[in-house]
Amino acid sequence: MAADQRSRSSSPSNLLSDEPPATGWVGFVIFGGIMLTMLGGFQIIEGLVALFNDEYFLVTSSGLVLTMDFTAWGWTHLLIGLVAVAAGIGVLSGQTWARVTGIVIAVLSALANMLFLAAYPVWSTIVIALDILVIYALAVHGREIKS
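About the criteria used
Residues numbered from 1 in each chain as written. Predicted model: local features only at pLDDT ≥ 70, side-chain atom pairs only at ≥ 80, totals over all residues. Heavy atoms only, no water. Phe/Tyr/Trp six-rings, centres within 6.5 Å; stacked < 30°, edge-to-face > 60°. Helix = DSSP H or I, 4+ residues; strand = E, 2+ residues; numbered from the N terminus. Buried < 20%, exposed > 50% of the residue type's maximum accessible area, 1.4 Å probe, protein only. Axes fitted to C-alpha atoms, helices over the stretch in contact; angles between N-to-C directions. Parallel < 35°, antiparallel > 145°, perpendicular 65-115°, else oblique. Left-handed = near helix turned anticlockwise from the far one by under 90°. Contact = heavy atoms within 4.5 Å. Nonpolar A, V, L, I, M, F, W, Y, C, P; charged D, E, K, R; others polar. Expected span 1.5 Å × (residues − 1). Arc of directions from axis to C-beta.

Visitor: With reference to specific residues and values, describe the packing of aromatic side chains.
Guide: The relative placement of two aromatic rings is captured by the distance of their centres and the angle of their planes. The tally for this structure, following the rule as stated, stands at 3 aromatic pairs. Measuring from centroid to centroid gives 5.6 Å for F28 and F31, while their planes differ by 20°, and the two rings are stacked. Here the residue F28 and the residue F31 both occupy positions in helix α3 (residues 26-52), the gap between them amounting to 3 residues, near one helical turn. Take F31: its relative accessible area is 32%, and that puts it in the partly exposed class. Among the aromatic side chains, those forming a connected cluster through ring pairs are F28, F31 and Y136.

So this is what it looks like as structure tokens:
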């Protein structure tokens, strides 16, 4: 078995490539892509709730860090969610543009949820924590997954 691994790691395709061989962190990048897609779904749900049921949240829109109507917040979360789902699918297919977009969307999602914290504290905190995991997975190990 060790000889088989040595022969694969020293194959001509690996020797000619400038990129290091993939490591066990590829699974973490796949996790990041799946989490990005799931976070997009969470953002879409949060956006739809803000659009259709203003009374669901703990505070009125005047109690938020950034005073905006819940309809505006709903469209913000909905847009972030749709782009996050597309980026998550792109990450899973190994697209470089999706890694960059995923990091940007995760940062925007974390900032939006920080501003939305007063309206829905537990949900926003969970989403921010998952955004941080996605940023780490895509920024540090994202290069290891290619199509």
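Visitor: I'd like a description of the packing of helix α5 (residues 96-115) against helix α6 (residues 121-141), backed by residues and values.
Guide: For the pair α5 and α6, interaxial distance at closest approach is 9 Å and the crossing angle is 155°. Accordingly, the angle class assigned to the pair α5 and α6 is roughly antiparallel. Here α5 and α6 pass one another in a crossing that is left-handed. Contact residues: α5 offers R99, G102, I103, A106, V107, S109, A110, N113 and M114, while α6 offers S124, V127, I128, D131, V134, I135, L138 and A139. Of the residues in the contact of α5 with α6, the class split is 11 nonpolar, 4 polar and 2 charged.

Visitor: Describe α5, listing the residues and the values that go with them.
Guide: If you check α5, its first and last C-alpha atoms are 29 Å apart, about what 20 residues at 1.5 Å a residue would give, namely 28 Å. Within α5, the full set of buried residues consists of A98, R99, G102, I105, A106, S109, A110, A112 and N113. Take α5 and look down its axis: the buried residues cluster within an arc of 165°, on one side only. Buried residues along α5 sit against α3, α4 (70-92) and α6.

Purely spatial values, then, with no claim about function.
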